[in-house]
Amino acid sequence: FHNIMPRHQSQRSPGPMTKQRFIKWAALVTVILLALLIGHMVSLARSAPVVRHASLTLADWPKGQPPVRIALVSDIHIAGPDMPPSHLDRVVARINGLRPDIVLLAGDFLSDKKTTTRRYTPEEATAPLGALHAPLGAVAVLGNHDYWVDAAAIRTALRHRGITVLANTAVQRGPLAIGGVDDDVTGHADLPRVARALAALKGAKLVLSHSPDVFPDLPATIGLTVAGHTHCGQIALPGLGPLITHSRYGQRYACGLIREGHKALVVTAGLGTSMLPLRLGAPPDFWLITVGPAGAA
């Protein structure tokens, strides 16, 4: 038994952690956390959109007309891997299940991001939108990415799906007079022309725009503006908010329901992604907005 060492002598102490060992462990932990974060961002970008709700009153609401439920959808950015047409099929079914009276589409139907794994034609990208069901129909404007891809082809594809496309013009839908501002980012917006077109129509005035940046330049007689474009930042850090809003007003009109004076603006985070198929702190969403006379909301 004299060759058997005592137990306390047979175990080696790991000794103090060296600087080199600490750096290796820190690097490993960092890689794991980064992988988990990227996985979360990919998953969030592909997740089912959040449905956000708002009820608003409009001072110029036609007497005796019932409230209208508006589904606001923007920034679909059809492209692989995060937004194939099959994903949009599911979103359209969900929108139909909410029974909106009208659907407003605020632009950027296709994507031109370099990280795209598969591109779709305008006809393929807009095909799911043909299944939208709303008594007052669907009205759209184009966004900056639509102009960068092929505005004419996208406009034609949308019209083939029965969707009205506005470009600095206005249309009456039930108690609503809807002015569609052409894309501001690419220099196609003409606000005076939209204002004149709206003035010629009866009904409560509403503006549909891809970018929210037109909001402060609209007259006070237009009670509601709806828009997208910002993606609510797409990547928004806790405590800091969106890193990039692609708005010349920074975070002022970046996301959600904003009220200024007698005017209201609703900005959706959109469905798809731009630049990278990632989201953080800004999940995809669309809005269901009920508008009507004072006392109805």
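Computed from a prediction, not measured in an experiment: that's the story for all the values here.

Conventions adopted
Residues numbered from 1 in each chain as written. Predicted model: local features only at pLDDT ≥ 70, side-chain atom pairs only at ≥ 80, totals over all residues. Heavy atoms only, no water. Buried < 20%, exposed > 50% of the residue type's maximum accessible area, 1.4 Å probe, protein only. Helix = DSSP H or I, 4+ residues; strand = E, 2+ residues; numbered from the N terminus. Pairing = 2+ DSSP bridges. Right-handed = clockwise from strand over helix to strand, strands pointing away. Disulfide = S-S within 2.5 Å.

Let's talk about the pairing of strand S7 (residues 176-181)
By the criterion of burial, S7 is predominantly enclosed, with six of the six residues buried. Side chains Leu-176, Ile-178 and Gly-180 of S7 all project onto a buried face; the interleaved residues Ala-177, Gly-179 and Val-181 project onto the opposite face, where all are buried too. Alignment of strand S6 (residues 169-173) against S7, held across five bridges, turns out to be antiparallel. Note on S7: the bridge partner recorded for Val-171 is Ile-178. Where S6 folds back onto S7 in an antiparallel hairpin, the turn is made up of two residues, including Gly-174, whose phi is positive at roughly 60°. The sheet contact formed by S7 and strand S8 (residues 204-209) spans six bridges and is parallel. What sits directly across from Gly-180, in S8, is Leu-208. Each parallel crossover has a hand, and the one from S7 via helix H7 (residues 191-199) to S8 is right-handed.

Some remarks on the state of the cysteines
A covalent bond between the sulfur atoms of two cysteines is referred to as a disulfide. Counted according to the given criterion, the structure contains one disulfide. Here Cys-232 connects covalently by a disulfide to Cys-255, the sulfurs 2.0 Å from one another. Taking the torsion about the sulfur-sulfur bond, which here is approximately 75°, the covalent link between Cys-232 and Cys-255 counts as right-handed. Here Cys-232 is found in the loop between strand S9 (224-227) and strand S10 (236-237), whereas its partner Cys-255 is found in the loop between strand S11 (241-242) and strand S12 (256-260), with 23 residues between them in sequence. Classification of Cys-255 by relative accessible area gives partly exposed; the value is 40%.

Keep in mind these values describe shape, not function.
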